[in-house]
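Geometric and topological summary
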Amino acid sequence: MAGIAIVLDLLKKSHTKHTFHSSSSLSSTAALSAVATAPFASRFLFGSFEPRVAYCDAAAAIDDDYLAAIRKVSADALQFETPTYIPSSKVYNIQPKPLFSAFEFRALAMTTVRSLLMFYLPLLEPKPASEDDDDFLNNAAEERSRADLIVPLKKSVKQIARETTVVTTRRVLERLAISYVSQRVAWKLLKDVPQSTLRKAGRGWPTHLYIYKVSQTTLRGHFLGIAASWTVQVGIEIYRCVVRYVKPNPEEEEEGQVEIAEQAKDLGNKVVGITVRCGASLVFAAIGAGICSCLMRPSTGQWIGCALGDLAGPMVVSICLQKTLQADG
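Residues numbered from 1 in each chain as written. Predicted model: local features only at pLDDT ≥ 70, side-chain atom pairs only at ≥ 80, totals over all residues. Heavy atoms only, no water.

As annotated in an unreviewed UniProt entry, the chain carries the name Isopentenyl-diphosphate delta-isomerase and is attributed to Eruca vesicaria subsp. sativa.

1. A word on the overall build of the chain
The test is simple: Counting from the N terminus, the helices are the DSSP runs of H or I reaching at least four residues and the strands are the DSSP runs of E reaching at least two. The contact criterion used throughout is that any non-hydrogen atoms of two residues lie within 4.5 Å.
The helix and strand tally for the chain stands at twelve helices and zero strands. In the chain, the succession of helices and strands from N to C terminus is α-α-α-α-α-α-α-α-α-α-α-α. For the chain, contacts bridging at least 24 residues in sequence account for 76% of all contacts bridging at least 6.

2. Some thoughts on the packing of aromatic side chains
To keep things clear, this is the line we draw: Two aromatic rings, drawn from Phe, Tyr or Trp (for Trp, its six-membered ring), form a pair once their centres lie within 6.5 Å of each other, and the interplanar angle then sorts them: stacked below 30 degrees, edge-to-face above 60, tilted otherwise. Burial classes follow relative accessibility: with a 1.4 Å probe on protein chains only, a residue under 20% of its type's maximum area counts as buried, one over 50% as exposed, and anything between as partly exposed. A ring is scored as having a charge over it whenever the NZ atom of a lysine or the CZ atom of an arginine sits within 6 Å of its centre and within 35 degrees of its normal.
Counting across every chain of the model gives one aromatic pair. Taking 6.3 Å as the distance between ring centres and 50° as the angle between the ring planes, the aromatic pair formed by F100 and F103 counts as tilted. Classification of F103 as partly exposed rests on a relative accessible area of 48%. Cation over ring: K191 sits above W187, and NZ or CZ is 4.4 Å from the ring centre.

3. A short note on the state of the cysteines
Applicable threshold: Here, the term disulfide refers to a pair of cysteine sulfur atoms separated by no more than 2.5 Å.
According to the stated counting rule, one finds zero disulfides in the structure shown. Summary of cysteine pairing: C294 is not part of a disulfide, and the nearest cysteine sulfur, belonging to C292, is at 9.3 Å. Owing to a relative accessible area of 34%, C294 belongs among the partly exposed residues under this scheme.

4. Quick notes on the nonpolar core
Note the following rule: What we call a nonpolar core is a set of buried Ala, Val, Leu, Ile, Met, Phe, Trp, Tyr and Cys residues that are connected through their side-chain atoms within 4.5 Å.
Judged by nonpolar contacts, I226, V234, I274, C278 and L282 together constitute the single largest core of five residues. Elements with a minimum of two residues in this core: α10 (223–246) and α11 (256–295). If one sorts the elements of this core by residue count, α11 sits on top with three residues. Apart from residues no more than four positions distant in its own chain, L282 is found in contact with L219, H222, F223 and I226.

5. Considerations on the pattern of salt bridges
Which entries qualify depends on this criterion: One speaks of a salt bridge when a side-chain nitrogen belonging to Lys or Arg is within 4 Å of a carboxyl oxygen belonging to Asp or Glu.
Considering all chains together, one arrives at six salt bridges under this definition. Between E163 and R114 there is a salt bridge, and its shortest N-O distance comes to 2.7 Å. One end of the pair, E163, is in helix α6 (residues 135–180); the other, R114, is in helix α5 (residues 105–120), with 49 residues separating them in the sequence. According to the relative accessible area criterion, E163 is buried, its value standing at 16%. Residue classification places R114 among the partly exposed residues on the basis of a relative accessible area of 39%. A cluster of three or more residues bridged by salt bridges with shared partners is formed by E237, R240, D266 and K270.

6. Thoughts on helix α8 (residues 193–201)
Quick reminder of the rule: Summarising the geometry, the arc corresponds to the directions from the helix axis toward the C-beta atoms.
Where α8 is concerned, the buried positions are V193, S196, T197 and K200. Each buried residue of α8 sits inside an arc of 105° when the element is viewed along its axis, so together they form one side.

7. Points about the side chain of K200
The cut-off we apply is this: We call two N or O atoms a polar contact when they sit within 3.5 Å, provided that within protein one can donate a hydrogen and the other can accept it, with sequence-adjacent residues counted only if both atoms are side-chain atoms.
With respect to the secondary-structure elements, K200 resides in helix α8. Side-chain polar atoms of K200 contact the side chain of T217, separated by 3.2 Å. With residues near it in sequence (within four places) discarded, K200 still touches K191, W205, Y210, K213, V214 and T217.

8. A word on the environment of D266
Mapping D266 onto the fold places it in helix α11. On the accessibility criterion, D266 (31% relative accessible area) is partly exposed. Residues D266 and E237, 29 residues apart in the sequence, show an inter-C-alpha distance of 9.8 Å.

Below you can see the structure in the form of structure tokens.
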């Protein structure tokens, strides 16, 4: 009996000690962390704690080929299907021409030939022969012909200087547009209009829509050229007005105050006339480019129509204004 009592007492003490440690470890988070981080030397206080780990082998049967196929499908989906949250941006290729392109050999040669033909061709018109064979009259005619050859040369030189100034001013305006406006607007102003016309011709648009689009593109692409021409013409008129005021003729010195008012009024009228002519040139160039691009090859027709409209616009406006003034008078 005594032996049985001793055995029962030992079992009771062991059960009480195990219950104490389990209840304290479950009731306190600090005790759990202490048990989990207990070193080997302190196991005699907390007992032997062995965490249980569960292993999952659900992906054990997936081979490398299957993973490679999944990666390829994901890459193709990202490449060919643009997500809605990624904005699509258009790249604007802006390539301005050199600043002094008007002074290159080819451009300067074409400008020179065009200016010389413009002022020397009228001299080649046939004139009626004179019946008077007097030597004095012949000498006077020779002197007049020599003077006529010098005057067109001076006009040709002025025209060359004017055209090169206009082209250089346009290059300056192009750089200002690139610096101070958005890339989209600068790209439209500096676009290669004949190449754009070729691209539009291949889109299969109706005729009226195609003419409208080509005219719109020409209007934008030709705007800086017209703005440069307007700037140069207005600058020339202002220079003439200032020179006339600083160095007046002897006959005009007596009426200086009246002359200043008249010069200012005359300058305003000239600026308005230049603005109207430049606007008409821009509009007629756009319309001519749109129409001629349908009648011939798109790029060539656009260039020819733009040049014809640029020349015809001021002439049409001048004729209409003359008729209007004559009708009013």
